[in-house]
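Residue-level structural notes
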Amino acid sequence: MKLLVYGAGVCGSQFAVRMHQAGHDVALLARGERLTALRRHGVRLAEEDASVIEQVPVPVVEHPEGAYDLITVFVRAHQVDGVMESLADVPGDVLSLLNWAGGPEALSAGIGRERLLLGFPTTGGTMDGDVVRHRRGTILTRRVPIPVGEPDGRTTPRLERVVKTFRAAGINARAEPRMDAWLRTHAASSVPLERAAYAAGGPEALADDPEAVRAMVHAMRRNLASLETPTVPRAFTALRALPDALLVPVFQRFLRSPTAVHSGLSDSSTATVAELERLTEQLRGPAGAR
């Protein structure tokens, strides 16, 4: 597969490495200082706080070059409009792998609906300079697949091909027939979590404030109750049914875990604020919660 990975942050870098090591023709698109670092050292990876750094010479580009079998987009929600417009004349199916609650129509406006696939990355980590510090894989995290789906929920040959290719590369993936609803459900629950962690100064600090965790849970419930589509996966309905006395300590335990600490919940950059504002706007609109 000839693959363009648009976005060389935590998730895009890990994905590009995995596909490159599986023998695919991968180009990782980056700009500015990130592009310079990748050209100098390749993708640099380390597991959480480990001192050992792996360097993988993934080919990098500043602009798309030619046609691709698949273009995967790993950018922030507030950045995606310009990215999609820039791909309008670049041949290839486009798989959106980002936090998004605005519906497929907005994503496909610049490229055409027939080219769009929806998905969401399940990897995590943080940037430490030019090193991607990814969380340690566990039995639980390895069992969580990347969901991928057609905007209209159909099972198509291209969807089956993408899922099969990812699995062959060692990436746990599955077809999700309700991908748009999945993304809206995820945003409805993740936005309050990310806002609370950002305001507290990180997931561990949030865990130390049970009242803030309780307020976060209530915000999640309001968002989920306001969705126009059923929650996907259905397990999210538990957030609306279980009592605070159970949910608050469960979230506190999660927020102190390596999975939470070594994730985007520790990101205090201005890009986090901009993305949360975009997602909040989408959840208030007709595509999601009001």
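Located above this text is the structure these notes cover.
This section reports on the structure supplied with the text. The structure presented is a predicted model; accordingly, all values stated were derived computationally and were not measured.

**Topic: the sheet that holds strand E4 (residues 54–56)**
Ordered in space as E4-E3-E10-E9, the 4 strands form an open sheet in which the pairing is mixed. Looking at the sheet topology across the chains shown, the edges are occupied by E4 and strand E9 (125–128). For this sheet, the mean inter-axis angle between neighbouring strands, taken without regard to orientation, is 30°. Of the pairings in the sheet, the one linking strand E3 (residues 43–47) to strand E10 (residues 131–134) comprises 4 bridges and is parallel in character.

**Digging into helix H2 (residues 32–41)**
The complete set of buried residues in H2 reads Arg34, Leu35, Ala37 and Leu38. Along the long axis of H2, the arc covered by the buried residues comes to 165°, so they all point the same way. Facing away from the buried side of H2 by more than 90 degrees, the exposed set consists of Glu33, Arg39 and Arg40. Along its buried surface, H2 packs onto helix H1 (10–21), strand E2 (25–29), E3, strand E5 (60–61), E9 and E10.

**Side note on the pattern of salt bridges**
Inspection of the entire model under this criterion finds 16 salt bridges. In this structure, Arg76 and Asp267 form a salt bridge, with 2.6 Å as the shortest nitrogen-oxygen distance. Note that Arg76 is positioned in the loop between strand E6 (70–73) and helix H3 (80–86) and Asp267 in the loop between helix H12 (258–261) and helix H13 (270–284), a separation of 191 residues in sequence. Judged by its relative accessible area of 28%, Asp267 falls in the partly exposed class.

**Some thoughts on the environment of Leu117**
Mapped onto the elements, Leu117 comes out in strand E8 (residues 116–119). Considering only alpha carbons, one finds Leu117 and Leu183, 66 residues apart in sequence, at a separation of 12 Å.

**Some points on the pairing of strand E1 (residues 2–6)**
Counting buried positions along E1 yields 4 of 5 residues, so the element is predominantly enclosed. With 5 bridges connecting them, E1 and E2 associate as parallel partners. Bridge pairing in E2 places Tyr6 opposite Leu29. Read from E1 through H1 to E2, the crossover connection turns out right-handed. Looking at chain direction, E1 and E6 are connected through 4 bridges and run parallel. Within E6, the position partnered with Leu4 by the bridge is Ile71.

**Quick look at the packing of helix H9 (residues 210–226) against helix H11 (residues 244–255)**
Following both chains from N to C, one finds H9 and H11 inclined at 110°, their axes separated by 9 Å at the closest point. In this view, H9 runs roughly perpendicular relative to H11, as classed from their interaxial angle. Contacts between H9 and H11 pair Pro210, Val213, Arg214, Met216, Val217, His218, Met220 and Arg221 from the former with Asp244, Leu247, Val248, Phe251, Gln252 and Leu255 from the latter. When its residues are assigned to classes, the contact of H9 with H11 shows 9 nonpolar, 2 polar and 3 charged.

**A few points about the packing of aromatic side chains**
A complete count under the given rule lists 3 aromatic pairs for this structure. Put simply, the rings of Phe15, Phe74 and Phe166 touch in pairs and so form one group of aromatic residues.

**Describing the side chain of Arg44**
On the secondary structure map, Arg44 appears in strand E3. One polar contact links Arg44 to Gln55, side chain to side chain, over a distance of 3.4 Å. When sequence neighbours within four positions are dropped, the list of residues in contact with Arg44 reads Ile53, Glu54, Gln55, Asp130, Val131 and Val132.

**Brief notes about the nonpolar core**
In this structure, Leu4, Ile71, Val73, Val80, Met84, Leu87 and Met216 are the most contacted members of the largest nonpolar core, which totals 53 residues. Among the elements that line this core, the one with the most residues is helix H7 (residues 179–200), at 10 residues. Apart from the residues within four sequence positions on either side, Met216 is in contact with Pro192, Leu193, Ala196, Leu206 and Phe251. Core analysis: the second largest hydrophobic core is formed by 33 residues, Phe15, Leu28, Val148 and Phe166 among them.

Here is what the cut-offs are and how they apply
- Residue numbers here run from 1 along each chain, matching the order of that chain's written sequence.
- For a predicted model such as this one, the threshold for reporting local features is a pLDDT of at least 70, and the threshold for listing and counting side-chain atom pairs is 80 or more; totals across whole chains, interfaces and linings nevertheless cover every residue.
- As a rule here, side-chain values cover all heavy atoms of the structure and leave hydrogens and water aside.
- Pairing between strands is defined by DSSP: at least two bridges between the two strands are required.
- Labels follow the DSSP assignment, with helices taken as runs of H or I lasting at least four residues and strands as runs of E lasting at least two, numbered in each case from the N terminus.
- Think of each axis as a best-fit line through the C-alpha atoms, taken over the contacting stretch in the case of a helix, with angles from 0 to 180 degrees between the N-to-C directions.
- Burial classes: relative accessible area under 20% of the type maximum marks a residue as buried, over 50% as exposed, and values in between as partly exposed (1.4 Å probe, protein chains only).
- Each direction from the helix axis to a C-beta atom contributes to the arc, which is the arc of those directions.
- The contact criterion used is simple: two residues touch if any of their non-hydrogen atoms lie within 4.5 Å.
- Each reported salt bridge corresponds to a side-chain nitrogen of Lys or Arg within 4 Å of a carboxyl oxygen of Asp or Glu.
- Convention used here: a crossover is right-handed provided that the path from the first strand, over the helix, to the second strand proceeds clockwise when the strands point away from the viewer.
- What sets the label is the angle itself: under 35 degrees gives roughly parallel, over 145 gives roughly antiparallel, 65 to 115 gives roughly perpendicular, and the rest give oblique.
- Throughout, the ten residues Ala, Val, Leu, Ile, Met, Phe, Trp, Tyr, Cys and Pro are labelled nonpolar, Asp, Glu, Lys and Arg are labelled charged, and all others, Gly among them, are labelled polar.
- Centres within 6.5 Å make a pair out of two Phe, Tyr or Trp rings, where for Trp the six-membered ring is used; the pair is then stacked when the planes are under 30 degrees apart, edge-to-face when over 60, and tilted otherwise.
- Between N or O atoms, a polar contact is any pair within 3.5 Å; within protein, one atom must be a potential hydrogen donor and the other a potential acceptor, and residues adjacent in sequence are included only when both atoms are from side chains.
- In this text, buried Ala, Val, Leu, Ile, Met, Phe, Trp, Tyr and Cys residues form a nonpolar core when linked through side-chain atoms within 4.5 Å.

None of this, on its own, says anything about what the molecule does.
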